[in-house]
Amino acid sequence: MTDKKKLKLLILSQPQRATLEGLANRRPQLPTDPIRDELAALGLVAQQGAKWALTPAGKKVLAANSNRRNAGGFSV
């Protein structure tokens, strides 16, 4: 059996989540953004030329956050 690396669930603050969603939606970015720099330090976003893009880890975190936020229905 191989040990699978578990992705630690990151709890992002509201500004971090908003920035991550903004990057995912290709909103215009400011040249300096301390929150985006925090996300880059976490390895969730990467700079590609003049633009910023989500890394695969960033996409997973964004998907997990949106699933949790939109999770409705029944719990057993």
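A short tour of the structure in this document, coming up. (Residues numbered from 1 in each chain as written. Predicted model: local features only at pLDDT ≥ 70, side-chain atom pairs only at ≥ 80, totals over all residues. Heavy atoms only, no water.)

## Observations regarding the overall build of the chain
Here is step 1 of the chain: Scanning the chain from terminus to terminus reveals three helices and two strands.
Here is step 2 of the chain: Scanning the chain from its N terminus toward the C terminus, one meets helices and strands in the order α-α-β-β-α.
Here is step 3 of the chain: Counting only residues that meet the buried cut, the chain has 26% of its 76 residues in that class.
Here is step 4 of the chain: Expressed as a percentage of contacts within the chain between residues at least 6 apart in sequence, the contacts between residues at least 24 apart total 43%.
Here is step 5 of the chain: Per element, the accessible surface of the chain, about 6000 Å² overall, is 57% carbon and sulfur. (Helix = DSSP H or I, 4+ residues; strand = E, 2+ residues; numbered from the N terminus. Buried < 20%, exposed > 50% of the residue type's maximum accessible area, 1.4 Å probe, protein only. Contact = heavy atoms within 4.5 Å. Areas by Shrake-Rupley, 256 points an atom, 1.4 Å probe, with all protein chains shown as cover.)

## Thoughts on the nonpolar core
Here is step 1 of the chain: Membership of the largest hydrophobic core is limited to ten residues, which are Leu12, Leu20, Leu23, Leu39, Leu44, Val45, Trp52, Leu54, Val61 and Leu62.
Here is step 2 of the chain: The set of elements that each furnish at least two residues to this core consists of α1 (14-24), β2 (51-54) and α3 (56-70). (Core = buried A, V, L, I, M, F, W, Y, C linked by side-chain atoms within 4.5 Å.)

## Considerations on the environment of alanine 50
Here is step 1 of the chain: Residue placement: alanine 50 occurs in the loop between β1 (45-48) and β2.
Here is step 2 of the chain: Alanine 50 sits 21 residues away from glutamine 29 along the chain, and the two C-alpha atoms are 9.4 Å apart.

## Describing helix α2 (residues 34-41)
Here is step 1 of the chain: Where α2 begins, one side-chain oxygen reaches toward the backbone nitrogen of isoleucine 35, 3.1 Å away; that side chain belongs to aspartate 33.
Here is step 2 of the chain: Within two residues after α2, glycine 43 carries a phi angle of roughly 80 degrees, on the positive side. (Polar contact = N/O pair within 3.5 Å; in protein donor to acceptor, adjacent residues only side chain to side chain.)

## Some words on the pairing of β2
Here is step 1 of the chain: Bridge analysis of β1 against β2 gives four bridges, and the strand direction is antiparallel. The residue bridging valine 45 from the neighbouring strand is leucine 54, located in β2.
Here is step 2 of the chain: Counted between consecutive antiparallel strands, the loop separating β1 from β2 contains two residues, among which glycine 49 sits at a positive phi close to 70 degrees. (Pairing = 2+ DSSP bridges.)

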